[in-house]
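A closer look at the structure
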Amino acid sequence: MQISLYNSLSRRIEPFTPLKENLVRIYSCGPTVYNFAHIGNMRAFLFADLLQRAMRFVGNYDVKWVMNITDIDDKTIRDSKLGSSAWLPEMGEQTEDPKENLRNFTTYYEQKFYEDIRSLGVNTDHFYANPRATDFIWQMQNLIKKIYDNGYAYISGGSVYFNVSKWAQADTYGRLKKIDWENFQQGSRVDADTYEREDASDFVLWKEQKEGEPIWEFELDGKSLPGRPGWHLECSTMEYEILELPFDIHTGGVDLKFPHHEDEIAQSKAGYGIDPNPFWCHNEFLEVEGKKMSKSLGNFFTIRDLVAKGLDTRDIRLAMLSAHYSTKYNFTFDGVESARKARLKVQDYIYKLFELSESDNIEVPDEKLPANQVFSELANDLHSPKALARLFEFINEFPANKLSEQSKKNVINDLERINGIFAVWEISAKPEEEIIIPSEIIELAEQRKVAKANKDYAAADALRKQIAELGYNVLDKKDSYDIIPINK
Ligand code: AMP
Ligand code: ZN
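Description of the structure in this document. As a convention, each chain's residues are numbered from 1 in the sequence order in which they are written. Chains and ligands are labelled by the order in which they are written, letters from A for the one and numbers from 1 for the other. Under the rules for a predicted model, residues below a pLDDT of 70 receive no local features and side-chain atom pairs below 80 are neither given nor counted, while totals for whole chains, interfaces and linings still include all residues. Only hydrogens and water are set aside when side-chain values are computed; all heavy atoms of the structure are taken into account.

1. Some remarks on the overall build of the protein chain
Under the convention used in this document: Put simply, DSSP marks the helices as runs of H or I at least four residues long and the strands as runs of E at least two long, and each gets a number from the N terminus on. Type-normalised accessible area, obtained with a 1.4 Å probe on protein chains alone, sets the label of each residue: buried when under 20%, exposed when over 50%, and partly exposed for intermediate values. By definition, residues are in contact when any of their heavy atoms lie within 4.5 Å. Shrake-Rupley sampling with a 1.4 Å probe provides the accessible areas, and residues are treated as covered by the protein chains on show and by no other component. Neither His nor the chain ends contribute to the count of charged residues, in which Lys and Arg are positive and Asp and Glu negative. To locate a charge, take atom NZ for lysine, CZ for arginine, CG for aspartate or CD for glutamate.
In terms of regular secondary structure, the protein chain is built from 15 helices and 18 strands. Based on the C-alpha atoms only, the size of the protein chain along its principal axes is roughly 95 × 60 × 40 Å. For the protein chain, the proportion of its 488 residues judged to be buried stands at 52%. Here the contacts in the protein chain between residues at least 6 apart in sequence split such that 73% fall between residues at least 24 apart. As displayed, the protein chain has an accessible area near 23100 Å², and 47% of this comes from carbon and sulfur atoms. Separation between the mean location of the 60 positive side-chain charges and that of the 79 negative ones in the protein chain comes to 2 Å.

2. Thoughts on the pattern of salt bridges
The condition is simple: Put simply, a salt bridge is a Lys or Arg side-chain nitrogen that is within 4 Å of an Asp or Glu carboxyl oxygen.
Enumeration according to the criterion identifies 31 salt bridges in this entry. Residue Asp 171 is joined to Arg 175 by a salt bridge in which the shortest nitrogen-to-oxygen separation is 2.8 Å.

3. A short note on the site of ligand 1
Let me state the cut-off plainly: The criterion for a residue being near a molecule or strand is simple. One of its heavy atoms has to lie within 4 Å of it. Gly falls in the polar group here, along with every residue not listed as nonpolar (Ala, Val, Leu, Ile, Met, Phe, Trp, Tyr, Cys, Pro) or charged (Asp, Glu, Lys, Arg).
Taken together, the neighbourhood of ligand 1 is formed by 16 residues, with Thr 32, Gly 40, Gly 253, Asp 255 and Leu 286 sitting nearest. Look at ligand 1: alone it shows 500 Å² of surface, and the protein chains cover 87% of it. Listed by contribution, the elements that provide at least two residues to the shell around ligand 1 are helix H1 (39–58) and strand E13 (249–253). Here the shell around ligand 1 takes 4 residues from H1, the largest share from any one element. Taken together, the residues that form the shell around ligand 1 break down as 6 nonpolar, 8 polar and 2 charged.

4. Re unusual backbone geometry
The linkage connecting Leu 245 with the following residue, Pro 246, adopts the cis geometry, with an omega of -10°. Here Phe 258 and Pro 259 are connected by a cis peptide whose omega angle stands at 0°. When you line up the elements, Pro 259 lands in helix H7 (residues 257–271). For Asn 60, which is not glycine, the phi torsion reads 60° and is therefore positive. For Asn 60, a relative accessible area of 55% corresponds to the exposed category.

What follows is the structure, encoded as structure tokens:
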């Protein structure tokens, strides 16, 4: 099926075709692994997952999906430093080597990140690679050399910067965001990895060493510049090394459009001479109960926080997918509860399809089968809420227990395809419920066993009666007993 996507570059919905035959190459900006990812980050990752699943199952493409791990930036360095209060015993012993500390610290959160996204239904086997920035240092240095040799970088102190004004004269700077050149201050520079500022300025490609930080040797233009890479450079390098340029689609949250993604384009063009990718897709932000998520407002959640509150991760996934990625998503507990009801309604429907029943032999015409309708909504800029609406319309129109056996099989087949995208349902018959006998009943049954062994049959009978009043039967066996719930 032909897929169309909103492209942040052209600012309109465009039909998508891969650059290389049937292969779709996607690069998603991944987590900075200095803490547990929050549910806002999760929205960005679930959006990328929706996109790559749609490419596989709606578009029938082969997919190479890369999500990087930002393991070196201001925050990972700060929190992994010797003596940092963010260090946890599970990360091992800290050492005198800042690189080793950084690796142990970030490896811990990288593993937590995989656990979290798996719990949200991301199949990590779908990743082609999860490159860590620190494994690509010399390749990053090569890119800096290319940019420098082409005349778009300069050395200042022990750092290297990208010369934005010079680049803007040679090419376009401001593809994803209009730049206010009137107020542009030539030579104003940004070193920090967190970009609050809106204005264009020269950005750092390589940062001068600081005491106690992990550093790599680097020589540029005969100068020794020990230090570490800037954040934007990391993504440009890993895309080139793993997916080759140009690849098809780059994803990230809207906050990354500028300057992170704008700077990626500038670096790739100024260094490799190639426009990195024709499609840029950005998800809007998640808010909590109508407010920006923040620790001070007490509305800052990780997936683990929500699981601790008793929420089911499948419901969180479905809740997030029930809003279109390009609109702000207001996370509420009521929203997750509604998603739960919706999920269970479909699940119940699926169980019924597997039951043998006296059916009314209703046939579902091919054109009414749900997968094609659901997929055509997804093909239109990944409209997951409309896709879910189509699914519910189908379920309401064709009750499971009224369908012919052949139609049941067809619908099961379609729901399997749909679940390739949503990944929150079990496509199977209802599992036998596990019977859990409460401990107080077991306690009474044990007392009865003792009474019987002591030939105190009056006490044994009284206990049997007491157990029956609580809803259970005791069936005596040779040396033991079974407890069976009454009416089951
Ligand atoms: P970070 O780990 O901060 O580099 O962010 C990882 C991803 O999460 C990026 O694509 C961000 O744009 C995205 N992101 C961060 N906060 C939110 C939010 N509140 N809602 C949606 N996406 C977000
Ligand atoms: Zn990135």
